[in-house]
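# Structure assessment
Now for the letters of each chain:
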Amino acid sequence: MKARAVTIDATVMFADLRGYTALTQSLDQVALTSLLDAFYDDCAAAIWRYDGLLNKTIGDAVLAIFNFPVRQADHAAQALLAAREIQRRFAGRRDELMRSIGAGGREIGIGIGIDSGDTNFGEFGHTHRDLTAVGTVVNRAARAQAAAKSGQILVTEAVRKRTRDMVTGIGYEHVLKGFQQPVTLFPG
């Protein structure tokens, strides 16, 4: 019998729309769908360009995994390049998009968090099976994304080390929900 989950070295990225919840209270479903379509499309294009797997769309967020199924020695760098492209794509069309859905002048942006390391990837659940990654790396990436401001990419020390001179900013310790020790995050 084949294993349902394996441990892989991977980079995990979460991207989340900032300001979306406020918009849900004032825009109709057609406008919200247009906004999510644009966000998902920008994320998917950037993730796939850098050989990542867009594993999940979760409301107004996405989860991407790099180094599976396409193996890359520089998967952390590829994830960071994808994150930067997501920010560029969305920033380039944000104003026009917001006008087109009737939300001109409203604040909206994307916060992104990235972490690298060993993670479990596979099929989880018995009655409902889900192919995804789980573990500390996934949780740290999600919490880094939660700490990121609109337009910001936050990466962990593991990502900074793997991407060398791509991350040059000063790191700051953050107390991330669920983690006992502070985690140093760097602007990506």
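Up top you'll find the structure we're talking about.
Just so it is clear, the model here is predicted, and its values are computed rather than measured.

Moving on: the pattern of salt bridges. For the coordinates displayed, the defined rule picks out eight salt bridges. Two residues, E85 and R89, come together in a salt bridge whose shortest N-O distance is 2.8 Å. With a gap of four residues between them, E85 and R89 both fall in helix α3 (residues 75-100), about one helical turn apart. One salt bridge in this structure joins E157 and R160, with 2.6 Å as the shortest N-O distance. Residue E157 and its partner R160 are located together in helix α5 (residues 157-163), separated by three residues, close to a single helical turn. The class of E157 is partly exposed, set by a relative accessible area of 26%. The class of R160 is partly exposed, set by a relative accessible area of 24%. Counted as one network, the salt bridges with shared partners bring together R49, E85 and R89.

Glancing now at the pairing of strand β3 (residues 61-66). Among the six residues in β3, six count as buried, and that is most of the element. Judged by which residues are buried, β3 turns out to be covered on both faces: A61, L63 and I65 on one side and V62, A64 and F66 on the other are all buried. With six bridges joining them, strand β2 (residues 52-58) and β3 adopt antiparallel strand pairing. The partner of L53 across the bridge, within β3, is I65. In this structure, the hairpin formed by β2 and β3 is closed by a connection of two residues, where G59 is found at a positive phi of approximately 65 degrees.

In a regular helix each residue adds 1.5 Å, so 21 residues correspond to 30 Å; helix α2 (residues 29-49) covers 30 Å between its end C-alpha atoms and thus fits that length. Every buried residue of α2 is accounted for by A31, L32, L35, L36, A38, F39, D42, C43, A44, A46 and I47. Residues of α2 that are buried sit in contact with β1 (5-18), α1 (20-24), β2, β3, α3 and β4 (109-124). For α2, the capping residue at the N-terminal end is D28, with a side-chain oxygen 3.2 Å from the backbone nitrogen of V30.

Here is what the cut-offs are and how they apply
- Residues numbered from 1 in each chain as written.
- Predicted model: local features only at pLDDT ≥ 70, side-chain atom pairs only at ≥ 80, totals over all residues.
- Heavy atoms only, no water.
- Salt bridge = Lys/Arg side-chain N within 4 Å of Asp/Glu carboxyl O.
- Helix = DSSP H or I, 4+ residues; strand = E, 2+ residues; numbered from the N terminus.
- Buried < 20%, exposed > 50% of the residue type's maximum accessible area, 1.4 Å probe, protein only.
- Pairing = 2+ DSSP bridges.
- Expected span 1.5 Å × (residues − 1).
- Contact = heavy atoms within 4.5 Å.
- Polar contact = N/O pair within 3.5 Å; in protein donor to acceptor, adjacent residues only side chain to side chain.

No statement about biological role is implied by the geometric values presented.
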